[in-house]
Amino acid sequence: MARIVILTGAGISAESGIRTFRASDGLWEEHRIEEVATPEGFARDPVLVQRFYNARRAAAAAAQPNAAHLALAELEADGRHQVLVVTQNVDDLHERAGTQNLIHMHGTLNGALCAACSHRWPAPQEMSAKDPCPACSKPATRPDIVWFGEMPYRMEEIWPALRRADLFVSIGTSGNVYPAAGFVADAMHAGVPTLELNLEPSTGTRMFDEARHGPATQVVPAWVREMLAQG
Ligand code: OAD
């Protein structure tokens, strides 16, 4: 059974209507990373940060999984490949499409995290930093999102899975944020074949053994059809 590790980024959700980060109309054109995506920004202005993620949560709830999310779920459900999806995305479109073996390495909009005691619980649709933590009662509620300067989740599971994979596929990510941007080099050093599926060449595109460029709703289902035809 071939083991496939798939990294996804904002590009896979773009055609579901969720904005990417680094496009000319992307989120980082309107918001400063230091203000809304760092622990220091949250300490300075929690109201602004909560407003930003409340809007992201509402956008994700209104969106539907697209043909690319569904194709990855189909590849896993088929059962002939061992599929692990590692996503940088904080929306829940992979799980709503049916993907089961999934790691949210940058956290999720559907989670709340206590900045005081690290307790986790399901996020309300509208979150406020004044919400008390159900465990310690401190008003220190933040989104369970990995911010710049913080350690992405479950790396101790991701690295070994990547190194023993038979194929690494990167979908819809610009390759600017580490450690995810380094997965292609890690796979290459471990002798794992690599494939990029992205709208345009990513920062690290030349490192991939193969790259196919086009919208995710076209290139991802086409690749999955090939994999299923091969058996
Ligand atoms: P980016 O916005 O940096 O890159 C999105 C990539 O998707 C670009 O290379 C686009 O060309 C591509 N793309 C856009 N539309 C597409 C489509 N329809 N089909 C296929 N590809 C498409 O987003 P990420 O690489 O995911 O982290 O960003 C990585 C991290 O940076 C995010 O997880 C976030 C951000 O800061 C945190 O907030 C911690």
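Please read all numbers here as calculations on a predicted model, not as lab measurements.

**Concerning the site of the ligand**
Reasoning step 1: The environment of the ligand is formed by 23 residues, the closest being A10, F21, R22, T173 and S174.
Reasoning step 2: Residue Q88 places a main-chain N or O atom 3.2 Å away from an oxygen atom belonging to the ligand.
Reasoning step 3: In the environment of the ligand, an oxygen atom lies 2.6 Å from a nitrogen or oxygen atom belonging to the side chain of S174.
Reasoning step 4: Here the ligand, which alone exposes 800 Å², has 93% of that area covered by the protein.

**Focus on the packing of aromatic side chains**
Reasoning step 1: For the structure on display, the rule yields eight aromatic pairs.
Reasoning step 2: Ring centres of Y53 and W147 lie 6.1 Å apart, and the angle between their planes is 40°; this geometry places the pair in the tilted category. With a gap of 94 residues between them, Y53 in helix α5 (residues 46-62) and W147 in the loop between β6 (141-145) and α8 (155-163) connect regions that are remote in the sequence.
Reasoning step 3: Looking at Y53, the relative accessible area reads 5%, which means it is buried.
Reasoning step 4: Over the aromatic face of F52 sits the side chain of R56, whose NZ or CZ is 4.6 Å from the ring centroid.
Reasoning step 5: Between R142 and the ring centre of W147, over which it is positioned, the NZ or CZ distance is 3.8 Å.

**A closer look at the sheet that holds strand β2 (residues 81-87)**
Hydrogen bonds along the backbone pair up the strands of a sheet, which may run parallel or antiparallel.
Reasoning step 1: Within the open sheet, the six strands sit side by side as β3-β2-β1-β7-β8-β9. Their pairing is parallel. Pairing within the sheet leaves two strands with one partner each, and these edge strands are β3 (102-104) and β9 (210-213). Direction aside, neighbouring strands of the sheet carry axes that sit 15° apart on average.

**Comments concerning the nonpolar core**
Reasoning step 1: Counting residues in each nonpolar core, the largest one holds 22 residues, and the members touching the most others are I6, L75, V169, V220 and W223.
Reasoning step 2: Here this core takes seven residues from helix α10 (residues 216-230), the largest share from any one element.
Reasoning step 3: Each residue touching W223, except ones within four places of it in the same chain, is listed here: I4, I6, L72, L75, L167, V169, L195, L197 and R212.
Reasoning step 4: The next biggest cluster of nonpolar side chains, apart from the first, holds 18 residues, and it includes M105, M155, F168 and A187.

**Examining α5**
Reasoning step 1: The first and last C-alpha atoms of α5 sit 24 Å apart over 17 residues, in line with the 24 Å expected at 1.5 Å per residue.
Reasoning step 2: Within α5, the full set of buried residues consists of V49, Q50, F52, Y53, N54, R56, R57 and A60.
Reasoning step 3: The secondary structure elements touched by the buried residues of α5 are α2 (27-30), α3 (33-36), α4 (39-44), α7 (93-97), β4 (107-114) and β6.

**Let's talk about the pattern of salt bridges**
Reasoning step 1: Tallied over the entire structure, the rule returns 11 salt bridges.
Reasoning step 2: A salt bridge links D166 to R3; the nearest nitrogen and oxygen atoms lie 3.3 Å apart. Remark: R3 occurs in strand β1 (residues 2-8) and D166 occurs in the loop between α8 and β7 (167-171); sequence separation between them is 163 residues.
Reasoning step 3: Measuring nitrogen to oxygen at the nearest pair gives 2.8 Å for the salt bridge that ties R142 to E150.
Reasoning step 4: Since its relative accessible area comes to 7%, R142 is described here as buried.
Reasoning step 5: Here the residues in one salt-bridge network are R32, E34 and E35, joined through shared partners.

Cut-offs and rules
Residues numbered from 1 in each chain as written. Predicted model: local features only at pLDDT ≥ 70, side-chain atom pairs only at ≥ 80, totals over all residues. Heavy atoms only, no water. Near = heavy atom within 4 Å. Polar contact = N/O pair within 3.5 Å; in protein donor to acceptor, adjacent residues only side chain to side chain. Areas by Shrake-Rupley, 256 points an atom, 1.4 Å probe, with all protein chains shown as cover. Phe/Tyr/Trp six-rings, centres within 6.5 Å; stacked < 30°, edge-to-face > 60°. Helix = DSSP H or I, 4+ residues; strand = E, 2+ residues; numbered from the N terminus. Buried < 20%, exposed > 50% of the residue type's maximum accessible area, 1.4 Å probe, protein only. Lys NZ or Arg CZ within 6 Å of the ring centre and 35° of its normal. Pairing = 2+ DSSP bridges. Axes fitted to C-alpha atoms, helices over the stretch in contact; angles between N-to-C directions. Core = buried A, V, L, I, M, F, W, Y, C linked by side-chain atoms within 4.5 Å. Contact = heavy atoms within 4.5 Å. Expected span 1.5 Å × (residues − 1). Salt bridge = Lys/Arg side-chain N within 4 Å of Asp/Glu carboxyl O.

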